[in-house]
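# Structural features, examined
Each chain is listed here by its residues.
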Amino acid sequence: MSNKWKNGLMLLAVVLLCVLPLLFVEGEFGGADDAAEGVITEINPEYEPWFKPLTELPGETESMLFALQAAIGAGVIGYSLGLLKGKQGQAKQNSISK
């Protein structure tokens, strides 16, 4: 199987993994914090939080900060992998030229 076919199949798999859940999963996509709060309230309705947040951010800002965190993490991982791959290639090239 050629690389062109492999790349095409992988691209198709990624697209399907992104699109199919949006089409077939019904319901609301909620965060873990909201789910945990619901479970705690169900277990102990009199529960009082230990502290209140300093500020309540709008949902768009929370989403933006989460996306920024993911982008920074992906950048760090990508940079690290590129650096390691570059060092490996340079070491291989040095060993061939000697």
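Note: the structure precedes this text.
Notes on the structure follow. (Residues numbered from 1 in each chain as written. Predicted model: local features only at pLDDT ≥ 70, side-chain atom pairs only at ≥ 80, totals over all residues. Heavy atoms only, no water.)

### Concerning the overall build of the protein
Put simply, the rule is: Only DSSP runs of H or I reaching four residues or more are called helices, and only runs of E reaching two or more are called strands; each is numbered from the N terminus. Each radius of gyration is computed over the set of C-alpha atoms, and the globule rule expresses the reference value as 2.2 Å times the number of residues to the power 0.38. The classification of residues rests on relative accessible area computed with a 1.4 Å probe and restricted to protein chains. Under 20% of the type maximum is buried, over 50% is exposed, and intermediate values are partly exposed. In this tally, Lys and Arg are treated as positive and Asp and Glu as negative; His is ignored, and so are the chain termini. For this purpose, a charge sits on NZ of Lys, CZ of Arg, CG of Asp or CD of Glu.
For the protein, the helix and strand inventory stands at 3 helices and 0 strands. Each helix and strand of the protein, ordered N terminal to C terminal, gives the series α-α-α. The C-alpha radius of gyration computed for the protein amounts to 23 Å, which surpasses the reference 13 Å derived for 98 residues by more than 25%, pointing to a less compact arrangement than a globule. Here the C-alpha coordinates of the protein stretch approximately 75 × 35 × 25 Å along the principal axes. Going through the 98 residues of the protein one by one, you find that 0% of them count as buried. A distance of 39 Å separates the average location of the 7 positive side-chain charges in the protein from that of its 11 negative side-chain charges.

### What about the environment of S97?
Take S97: it is sitting in helix 3 (residues 59–97). Exposure remark for S97: the relative accessible area of 60% places this residue in the exposed category. Through-space distance from the C-alpha of S97 to that of P58 is 58 Å; in sequence the pair is 39 residues apart.

### Regarding a negative patch on the surface
The condition is simple: Residues enter patches when their relative accessible area tops 30% and they take part in no salt bridge; the joining distance is 9 Å for like charges and 5 Å for the nonpolar side chains Val, Leu, Ile, Met, Phe, Trp and Tyr. Computed with a 1.4 Å probe, the accessible areas rest on the Shrake-Rupley method; for each residue, only the protein chains presented here act as cover. Salt bridges, as used here, are contacts in which a Lys or Arg side-chain nitrogen is within 4 Å of a carboxyl oxygen on Asp or Glu.
Where like charges cluster on the molecular surface, the negative patch consists of E28, D33, D34, E37, E56 and E62. For E56, the location among the structural elements is in the loop between helix 2 (32–43) and helix 3.

### Examining the layout of surface pockets
Cut-off, in case you're wondering: Here a cavity denotes a set of grid points, spaced 1 Å apart and computed over the protein atoms alone, in which a 1.4 Å probe fits but from which it cannot get out, and a pocket denotes an open set meeting protein on both sides within 12 Å along at least five of seven lines; residues with an atom within 4 Å of a point are reported as lining. Grid points are joined across faces, edges and corners, and a volume is the space filled by probe spheres set on the points. The nonpolar class holds Ala, Val, Leu, Ile, Met, Phe, Trp, Tyr, Cys and Pro. Asp, Glu, Lys and Arg form the charged class, and all remaining residues, Gly among them, are polar.
A volume near 820 Å³ is recorded for the largest pocket. Considering the residues around the largest pocket, the lining is formed by 21 residues, among which D33, D34, E37, P53 and E56 are closest to the centre. At the level of elements, helix 2 and helix 3 are the ones that each hand at least two residues to the lining of the largest pocket. Looking at side-chain class alone, the lining of the largest pocket contains 9 nonpolar, 6 polar and 6 charged residues.

### So, a nonpolar patch on the surface
Together, M1, W5, L9, L11, L12, V15, L16, V19, L20, L23 and F24 line one region of the surface with nonpolar side chains, adding up to about 1,200 Å² of accessible area. Within the secondary structure, L12 sits in helix 1 (residues 3–24).

### Comments concerning helix 2
The line we're drawing: For a helix, the expected span equals 1.5 Å multiplied by the number of residues minus one.
Taking 1.5 Å of rise per residue, the 12 residues of helix 2 would be expected to cover 16 Å, and the 16 Å separating its terminal C-alpha atoms lies within 8% of that figure. The buried fraction of helix 2 is low, at 0 of 12 residues.

Geometric values such as these leave the question of function open.
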